[in-house]
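What the coordinates show
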Amino acid sequence: MVLCPVIGKLLHKRVVLASASPRRQEILSNAGLRFEVVPSKFKEKLDKASFATPYGYAMETAKQKALEVANRMHQKDLRTPDVVIGADTIVTVGGLILEKPVDKQDAYRMLSRLSGREHSVFTGVAIVHCSSKEHQLDTRVSEFYEETKVKFSELSEELLWEYIHSGEPMDKAGGYGIQALGGMLVESVHGDFLNVVGFPLNHFCKQLVKLYYPPRPEDLRRRVKHNSIPAVDTFEDLSDVEGSGSEPAQRDTGSCDEKAQAGEAGQAAAEAECHRTQETLPPFPTRLLELIDGFMLSKALFTACKLKVFDLLKDEAPQKAADIASKVDTSVCGMERLLNICAAMGLLEKTEQGYSNTETANLYLASDGEYSLHGIIMHKNDLTWNLFTYLEFAIREGTHQHHRLLGKKVEDLFQDAYYQSPETRLRFMRAMHSMVKLTACQVATAFDLSRFSSACDVGGCTGALARELAREYPRMQVTVFDLPDIIELAAHFQPARPQAAQIHFAAGDFFRDPLPSAELYVLCRILHDWPDDKVHKLLSRVAESCKPGAGLLLVEMLLDEEKRVAQRALMQSLDMLVQTEGRERSPGEYQCLLELHGFHQVQVVHLGGVLDAILATKVAP
Ligand SMILES: Cc1cn([C@@H]2O[C@H](COP(=O)(O)OP(=O)(O)OP(=O)(O)O)[C@@H](O)[C@H]2O)c(=O)[nH]c1=O
């Protein structure tokens, strides 16, 4: 006997819980579900930065956990499970995702971050239905997430360490267990408690209802009742042959008839009432709504950066909206709304004392930090944003849109658009600098380049990558080769560093002038600006300058081969359509281009950030 009848739908199926979490096992068995436990071996190492939202990350991890188990059982076990359930719980605070602490210090860092604040707990759940056709595993995935907000009291150091020494935090997301000792840290909970513990049982049941009792088309046309777990008998005869019983359905009809006969508020009202109980909702389009309004969030971030709000608050005590507004010369009511949405986005902290920067804002949004993204944000605000208003034209015409923005014909993309004035040139350089700086260290260490004693960064702009190569390989001399106008301004970006002696700047046009000689050529974010004919031209010029054994390091954002999942790269490819003559490419496409020009032994490293790296070696013709 189970309380939630829809759980009964799974009783005759082979259900597997792909989780080692004792809490999930307990929650589901308490709900009357019968299942086997096969912990997933999926390594929880997805690139968090590539997800637009924390719950997107949790859902994908849950899915991968379940699919790993489904595939393993299908291969090893002759009997494929019918349903595999995977889940992943994360804690988010101030824009950071916290998983299980790796050691006590890590637990300390997590818990002190949570102290006195509200955070969100997301659990992503994947329900994977499996079938086997001609020994091939076929899977259908249904996924969802649940968010619960939890507020912690202020935790003293003593309490924190006592809790950590209890050992409880170590196998739990965010470093606490709300169901045990950790419950003492919690001031309030908004939402599903079991979701925090590790499994959102209520939402799970609703999801099963959607899967096992899909609404009939006529149900969808009628008015719907929100957020309920309909009784199974309401839908019993609709879709599931395993279902037991027309009896409850008749009972339901009977009650409608009674109301209609009673004439309480007339026949029509009674019918409407009757239908309401029979109907269910289509899934609420949360993700879609976020996509619809996503542009406003970007623009709010851009505007706060442009107004230097994050510079003003950097490492400062909290400030009130009126003070900030007067310092940056805006209206108070406008500034207050901007600050509030920035706080809701996790960029600012809002307390009774006022607004202050989060760590993310100090590190990335203030304009003067080592890893500041201010440069790229201003580029997106001042140029990309405007170009994207012509996206429809770009799609129709298949070309960039600078001519529409500038109101004149563009002959030479860089000279006429990006470098038309010293200001736009500097803005572009700042943008490139901030993007390259973000991953330059990983790029420099993606391969062992110590065999090369000289490198030429073709189109190396501010020298951000050259500096990192010089730092990593003290024997390497690096030449930054770029247009004279760029080289002239590059000095602005060179801090006095010991490796300055290893770096040289040379002016020239890589399509026309001889390339400086080097054992390793680097093309970082260059090929994606150009169509294939120009890419061939550039690669043939690089190949001509290479001796056998020379290397070519390509640094680009890589698409997946099917052009399906690498969301950030796919979006940048659209960006390249609107702004350049080029596009992003997949590793396979780059390999074809490279091999045509005599570069072989192609190795690819996905760096999981904004850039990936490919190394190829020139062979004798
Ligand atoms: C916030 C909180 C979390 N947890 C546990 O934290 C683990 C999250 O980690 P996961 O990666 O989602 O799961 P796992 O334990 O590694 O198991 P698996 O599903 O095999 O990956 C799960 O255990 C949850 O219960 C609690 O027990 N209480 C709480 O208050």
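Residues numbered from 1 in each chain as written. Predicted model: local features only at pLDDT ≥ 70, side-chain atom pairs only at ≥ 80, totals over all residues. Heavy atoms only, no water.

Per an unreviewed UniProt entry, the chain is named ASMTL isoform 3, and its organism is Pongo abelii. As stated in UniProt under Cofactor (unreviewed entry), the record for the chain gives "a divalent metal cation". The chain has a UniProt comment under Subunit (unreviewed entry) that states "Homodimer." (UniProt positions renumbered as here; feature names shortened; annotations may be inferred.)

L449, L523 and L553 are the most contacted members of the largest nonpolar core, which has 107 residues in total. When residues in this core are grouped by element, the largest group, 10 residues, is from helix α19 (residues 422-445). Here this core spans two domains, and each of domain 2 (293-369) and domain 3 (422-618) adds at least three residues to it. Beyond its immediate sequence surroundings of up to four residues, L449 is in contact with A444, L469, Y473, M476, L520, L553 and L615. Ranked by size, the runner-up nonpolar core spans 45 residues in total, among them I85, L111, V150 and C205. (Core = buried A, V, L, I, M, F, W, Y, C linked by side-chain atoms within 4.5 Å. Buried < 20%, exposed > 50% of the residue type's maximum accessible area, 1.4 Å probe, protein only. Helix = DSSP H or I, 4+ residues; strand = E, 2+ residues; numbered from the N terminus. Domains from an automatic or database assignment. Contact = heavy atoms within 4.5 Å.)

Each pair of packed helices gets described by two things: the angle between the helix axes and the distance between those axes. Close contact between helix α15 (residues 374-388) and α19 brings their axes to 7 Å; oriented N to C, the two are set at 135°. In terms of orientation, α15 and α19 fall into the oblique class. Crossing of α15 against α19: the hand is left-handed. Contacts between α15 and α19 involve G375, I376, M378, H379, D382 and L383 from the former and R427, F428, R430, A431, S434 and M435 from the latter. Of the residues assigned to the contact of α15 with α19, the class counts are six nonpolar, three polar and three charged. (Axes fitted to C-alpha atoms, helices over the stretch in contact; angles between N-to-C directions. Parallel < 35°, antiparallel > 145°, perpendicular 65-115°, else oblique. Left-handed = near helix turned anticlockwise from the far one by under 90°. Nonpolar A, V, L, I, M, F, W, Y, C, P; charged D, E, K, R; others polar.)

For the rest of this paragraph, the subject is the environment of K306. Turning to its location among the elements, K306 is positioned in helix α10 (residues 286-306). For K306 and N381, which are 75 residues apart along the polypeptide, the C-alpha to C-alpha distance reads 8.4 Å. A polar atom in the side chain of K306 sits 2.8 Å from the side chain of D382. (Polar contact = N/O pair within 3.5 Å; in protein donor to acceptor, adjacent residues only side chain to side chain.)

Moving on to the side chain of T462. Within the secondary structure layout, T462 lies in the loop between β10 (454-458) and α20 (464-472). Reaching out from T462, the side chain makes a polar contact with the side chain of H433 at a distance of 2.6 Å. If we skip the residues at most four places from it in the chain, T462 touches M429, H433, A490, F493, Q494 and F505.

Relative to strand β9 (residues 354-357), strand β8 (residues 348-351) runs antiparallel, the two sharing four bridges. Paired with L348 across the two strands is N357, which belongs to β9. In textbook terms, the turn of a hairpin is the stretch between consecutive antiparallel strands, and for β8 and β9 this stretch comprises two residues. (Pairing = 2+ DSSP bridges.)

A few words now on the packing of aromatic side chains. Summed over all chains, the structure comprises 18 aromatic pairs. Seen from their ring centres, F414 and Y418 are 5.1 Å apart, and the 35° between their planes marks the pair as tilted. In this pair, F414 and Y418 both sit in helix α18 (residues 413-418), four residues apart, roughly one turn of the helix. As far as the burial class goes, F414 and Y418 line up, both buried. Seen in terms of ring centroids, Y419 and F428 are 5.7 Å apart; in terms of plane orientation they differ by 70°. Their pairing is edge-to-face. By the burial criterion, Y419 is buried, and F428 matches it. Every member of this aromatic cluster is reached through a ring pair, and the members are F414, Y418, Y419, F428, F510, F511 and W530. A cation over a ring is seen here: K299 above W385, with NZ or CZ 4.6 Å from the ring centre. If you follow K437 out to its NZ or CZ, it ends over the ring of Y371, 5.3 Å from the centre. (Phe/Tyr/Trp six-rings, centres within 6.5 Å; stacked < 30°, edge-to-face > 60°. Lys NZ or Arg CZ within 6 Å of the ring centre and 35° of its normal.)

Moving on: the pattern of salt bridges. Side chains carrying opposite charge are able to pair once their charged atoms draw close together. One pass over the structure, following the stated rule, counts 27 salt bridges. With a shortest N-O distance of 3.6 Å, R109 and D106 are connected by a salt bridge. Within this pair, R109 and its partner D106 are both found in helix α3 (residues 104-114), separated by three residues, close to a single helical turn. On the basis of relative accessibility, which here comes to 44%, the residue R109 falls in the partly exposed class. R585 serves as the salt-bridge partner of D532, at 2.8 Å between the closest nitrogen and oxygen. Here D532, found in helix α22 (residues 532-545), pairs with R585, found in the loop between α23 (567-579) and α24 (587-596); they are 53 residues apart in sequence, far enough to count as distant. Since its relative accessible area comes to 31%, D532 is described here as partly exposed. R585 sits in the buried class, given a relative accessible area of 1%. (Salt bridge = Lys/Arg side-chain N within 4 Å of Asp/Glu carboxyl O.)

Glancing now at α22. Between its first and last C-alpha atoms α22 spans 20 Å; for 14 residues at 1.5 Å apiece the expected length is 20 Å, and the two agree. If you check which residues of α22 are buried, you get V535, L538, L539, R541, V542 and A543. Contacts from the buried residues of α22 go to β13 (520-524), β14 (551-556), α24, β15 (599-605) and β16 (612-618). (Expected span 1.5 Å × (residues − 1).)

Near the ligand, the surroundings consist of 21 residues, among which S19, R24, K65, K100 and V197 are the closest. Between the ligand and A20 there is a distance of 2.7 Å, counted from an oxygen atom to a backbone nitrogen or oxygen. Y176 has a polar backbone atom sitting 3.4 Å from an oxygen atom of the ligand. About the coverage of the ligand: the protein hides 95% of its 610 Å² of free accessible area. Element by element, the count of residues in the shell around the ligand is highest for strand β3 (residues 83-93), at three residues. Partitioning the shell around the ligand into residue classes produces seven nonpolar, six polar and eight charged. (Near = heavy atom within 4 Å. Areas by Shrake-Rupley, 256 points an atom, 1.4 Å probe, with all protein chains shown as cover.)

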